[in-house]
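# Structural characterization, general
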Amino acid sequence: MPELTQALKARILAAVNDGYADQTDTLAQLVRIPSQRGEEAAAQDFMAAQYEARGYEVDRWQIDIDAIKHMPGFSPVAVSYDNAFNVVGTHRSRTRQGRSLILNGHIDVVPVGPRSQWSRDPYDPAIIDGWMHGRGAGDMKSGLIACMAALDALRRVGLQPAADVFLQSVVEEECTGNGALACLQRGYRADAAFIPEPLLPMLMRAQVGPMWFQVQVDGDPQHASAAFSGAGANAIQKAIFMIQAMDELEERWNGRKCEHTHFCDHPHPIRFNLGKIAGGDWPSSVPAWCTFDMRVAVFPGQSLEAARAEIEAFVAEVAARDPFLAKHPPKVIYHGFMAEGYELKDSEDVEAALRVSHEAVFNEPLQEYVTSAATDARFYGLYADTPAIVYGPECRMPHGNDESVNLESVRKVTQTIALFIAEWCGLEEIAA
Ligand SMILES: [Zn+2]
């Protein structure tokens, strides 16, 4: 294998710079293609074409719920997967002397919300003061393209990884993780995984496991005028009563943070987010129904079954405080995230490769952090015994209005990824 000398590292870094205008242009093309849940297929076609143009083996398949629903890590869904395709581009090494690698990113983006709140079209990848704007520009199309660009840079210096590398573009990261799970089901395995989520160029040590649930509250519909006499029960008001009480459970769960080494110093690791509410049919009828959807989270190592039981017991406990709800207990149902927490451990080799690569680019030591968000890293770490690194560029307003990614940080992260691939996989000459 060619030795990774200082001179070669310098050539690799320069090769990333040489390709950076093209990389930015490719990212802009991808940001222009909307890929909210249910509409990911066009963006996945774009990724498949990119992989194909580079000569990688391309695997594009539809997520099949029946094939994954019995696997650990599966999240229940209530939506159709008709448009949910994964794409994997595989580089096959000639010599296979090094360690194999999964480079994973998600193609799905979160909803844009009211467009009137954005300064510009959410799918217009304008570059302003060094930041590329657009839904998904940071989270995480920049990372997805960076993985491919890192391999392009190696190729530009006449080299390629001396191990198999799998470029995974997956769906469903933002709501279930079933896209990454489907990659495991499909048989993709490697000695390490790398996920450039836009959580800063630092090593993520641990993440929580989000869980989605919906509470369904019934009312007793009557003519609006009857409500004054105390008849009927307003499902929306009953739901508000339930929602306000959820703060107590959030407090209780955060009170346990020091049972988990990595989260003791975190100010508030478990975020309860009331994400959606719906109810009622008509201003002149006492509402018969209301539902609200929450995102909560568990710590690494915490049982999801126990968490669900605690949620259900708490909902019953709160309902018992209200005469109507006591007789009409709300239902709790689950669709979406059902994720365990994850912590990176037993991973000295892969961390060392990242550390040396990061330092060569940033000239400062690699920092680490824990997050109250989640990534697909859990699938590799928990269910495939594969250490998964999360390290990526700087993003402003992920999931918010006017999301943007810092292009200088994307360039540097691409350099780190290129060096990391060289360190981890080793290098071989490209065959003539
Ligand atoms: Zn993301």
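What you see is a predicted model, and the numbers here were worked out from it, not measured in a lab. (Residues numbered from 1 in each chain as written. Predicted model: local features only at pLDDT ≥ 70, side-chain atom pairs only at ≥ 80, totals over all residues. Heavy atoms only, no water.)

## Quick notes on the side chain of His266
Heads up, the condition is: Numbering of helices and strands starts at the N terminus; helices are DSSP runs of H or I of at least 4 residues and strands are runs of E of at least 2. For this analysis, residues touch if any pair of their heavy atoms sits within 4.5 Å.
With respect to the helices and strands, the residue His266 is situated in the loop between α7 (235-254) and β11 (273-279). Other than its neighbours up to four places away in sequence, His266 contacts Lys257, Arg271, Val370 and Ser372.

## Digging into the side chain of Arg295
Condition: When a residue's accessible area, from a 1.4 Å probe over protein chains only, is under 20% of the maximum for its type it is buried; when over 50% it is exposed; and in between it is partly exposed. Residues scored as charged are limited to Lys and Arg (positive) and Asp and Glu (negative), so that His and the chain ends carry no count. For this document, the term salt bridge refers to a Lys or Arg side-chain nitrogen within 4 Å of an Asp or Glu carboxyl oxygen. As used in this structure description, the phrase polar contact means that two N or O atoms lie within 3.5 Å; if the pair is within protein, one of them must be able to donate a hydrogen and the other to accept it, and residues adjacent in sequence are counted only when both atoms belong to side chains.
Relative to the helices and strands, Arg295 resides in strand β12 (residues 289-298). Despite its burial, Arg295 pairs with no opposite charge, the nearest such side chain being Glu250 at 7.7 Å. In terms of polar contacts, Arg295 uses its side chain to reach the backbone carbonyl oxygen of Ser372, at 2.9 Å. Beyond its immediate chain neighbours, meaning those up to four positions away, Arg295 contacts Val208, Pro210, Met211, Trp212, Arg271, Phe272, Asn273, Ser372 and Ala373.

## Observations regarding the sheet that holds strand β5 (residues 131-133)
Note the threshold: Each pair of strands is called paired provided DSSP finds at least two bridges between the two strands.
In spatial order, the strands read β4-β5-β18-β17; together these four strands make up an open sheet with antiparallel pairing. The two strands at the open ends of the sheet, each matched to only one other strand, are β4 (127-128) and β17 (395-396). As paired elements, β5 and strand β18 (residues 404-406) share three bridges and run antiparallel to each other. Note that in β18 the partner of His133 across the bridge is Ser404.

## Some thoughts on the state of the cysteines
In plain terms, the rule: When two cysteine sulfur atoms are found within 2.5 Å, that pair is recorded as a disulfide.
In the structure shown here, the tally under the stated rule is one disulfide. Disulfide partner of Cys258: Cys264, at an S-S distance of 1.9 Å. Negative torsions about the S-S bond denote left-handed disulfides, and the value of about 80° found for Cys258 with Cys264 makes this one right-handed. Between Cys147, a cysteine without a disulfide, and Cys425, which holds the nearest cysteine sulfur, the sulfur-to-sulfur distance is 12 Å. In this structure Cys147 comes out as buried when scored by relative accessible area, which is 1%.

## With respect to the packing of aromatic side chains
Each aromatic ring pair is characterised by the separation of its centres together with the angle its planes make. Spelled out, the test is: Paired rings are identified among Phe, Tyr and Trp, the last through its six-membered ring, by centres lying within 6.5 Å, and are further divided according to the angle between planes into stacked (under 30 degrees), edge-to-face (over 60) and tilted (the rest). The criterion for a charge sitting over a ring is simple: Lys NZ or Arg CZ within 6 Å of the ring centre, and within 35 degrees of the ring normal.
Following the criterion strictly, the structure yields nine aromatic pairs and no others. Here Phe166 and Tyr188 contribute two aromatic rings whose centre-to-centre distance is 5.6 Å and whose plane-to-plane angle is 65°, an arrangement assigned as edge-to-face. Remark: Tyr188 occurs in the loop between α6 (178-185) and β8 (192-195) and Phe166 occurs in strand β7 (residues 165-170); sequence separation between them is 22 residues. For the ring pair Phe194 and Tyr391, a centre distance of 6.1 Å and an interplane angle of 75° mean the geometry is edge-to-face. In this pair, Phe194 is assigned in strand β8 and Tyr391 in the loop between β16 (388-390) and β17, connecting sequence segments 197 residues apart. In this pair, the class of Phe194 matches that of Tyr391, namely buried. Taken together through their ring pairs, the aromatic side chains of Phe194, Tyr391, Phe420 and Trp424 make up a single cluster. The positively charged end of Arg60 is found above the aromatic ring belonging to Phe85, 4.1 Å away from the centroid. Above the ring of Trp424, the side-chain terminus of Arg99 is found at 3.8 Å from the ring centroid.

## Comments concerning the packing of helix α2 (residues 20-31) against helix α3 (residues 41-53)
Stated formally: Structural elements are reduced to axes, namely lines fitted to C-alpha atoms, with helices fitted over the stretch in contact, and the angle between N-to-C directions of any two is expressed from 0 to 180 degrees. Roughly parallel refers to an angle under 35 degrees, roughly antiparallel to one over 145, roughly perpendicular to one between 65 and 115, and oblique to any angle outside these ranges.
One way to put it is that α2 packs onto α3 with a least axis distance of 10 Å and a crossing angle of 155°. With respect to their mutual orientation, α2 and α3 come out roughly antiparallel. Taking contact as the criterion, the partners of Thr26, Gln29 and Leu30 in α2 are, on α3, Ala43, Phe46, Met47 and Gln50.

## Things to note about the coordination of the zinc ion
Tetrahedral coordination by four donors places them ideally at 109.5 degrees to one another around the metal; octahedral coordination by six donors ideally gives 90 or 180 degrees. To keep it simple, the criterion reads: Metal coordination here is assigned from N, O and S atoms located within 2.8 Å of the ion, or within 3.2 Å for Na, K and Ca; omission of water means that sites may look incomplete. Every geometry call rests on angle ranges, with four donors termed tetrahedral when all angles are between 85 and 135 degrees, four termed square planar and six termed octahedral when opposite donors are over 155 degrees apart and all others are between 65 and 115, and everything else termed irregular.
Surrounding the zinc ion are the protein donor atoms His106 (NE2), Asp139 (OD), Glu197 (OE) and Glu197 (OE), at 1.9 to 2.8 Å. Coordination at the zinc ion is irregular: its four donor atoms span angles of 51 to 150° at the metal. Counting the intervening residues between successive donors of the zinc ion yields the motif H-x32-D-x57-E. Of this pair, Asp139 sits in helix α5 (residues 137-156) while Glu197 is found in the loop between β8 and β9 (203-207), placing the two residues 58 residues apart along the sequence. Owing to a relative accessible area of 7%, Asp139 belongs among the buried residues under this scheme. On the accessibility criterion, Glu197 (5% relative accessible area) is buried.

## Quick word on unusual backbone geometry
Residues other than glycine predominantly adopt negative phi, and peptide bonds predominantly adopt the trans conformation. Look at the link from Asp139 to Met140: it is a cis peptide, with omega at -15°. Here Met140 shows up in helix α5. Even without being glycine, Met397 reaches a positive phi, approximately 55°. Mapped onto the secondary structure, Met397 falls in the loop between β17 and β18. The backbone phi angle of Asp402 is positive, close to 55°, even though this residue is not glycine. Note that Asp402 resides in the loop between β17 and β18. Under the relative-accessibility criterion, Asp402 is labelled partly exposed at 21%.

## Digging into the domain arrangement of the protein
So the rule is basically this: In this entry, domain limits derive from an automatic or database-based domain assignment. Following the grouping adopted for this structure description, the nonpolar residues are Ala, Val, Leu, Ile, Met, Phe, Trp, Tyr, Cys and Pro, the charged ones are Asp, Glu, Lys and Arg, and the polar ones are all others, Gly among them.
Partitioning the protein into structural domains gives domain 1 (6-207 + 341-429) and domain 2 (209-338). Between the C-alpha centres of domain 1 and domain 2 the distance comes to 34 Å. Taken residue by residue, the interface counts 24 residues in domain 1 and 17 residues in domain 2. In this structure, the connection of domain 1 to domain 2 is made through zero salt bridges. Seen at the junction of domain 1 and domain 2, the total is five residue pairs in polar contact (both at pLDDT 80 or more). At the level of secondary structure, the elements contributing two or more residues to the side of domain 1 that touches domain 2 comprise β9, β14 (342-343) and β15 (368-371). When the residues that make up the side of domain 1 that touches domain 2 are grouped by side-chain class, the tally is ten nonpolar, eight polar and six charged.

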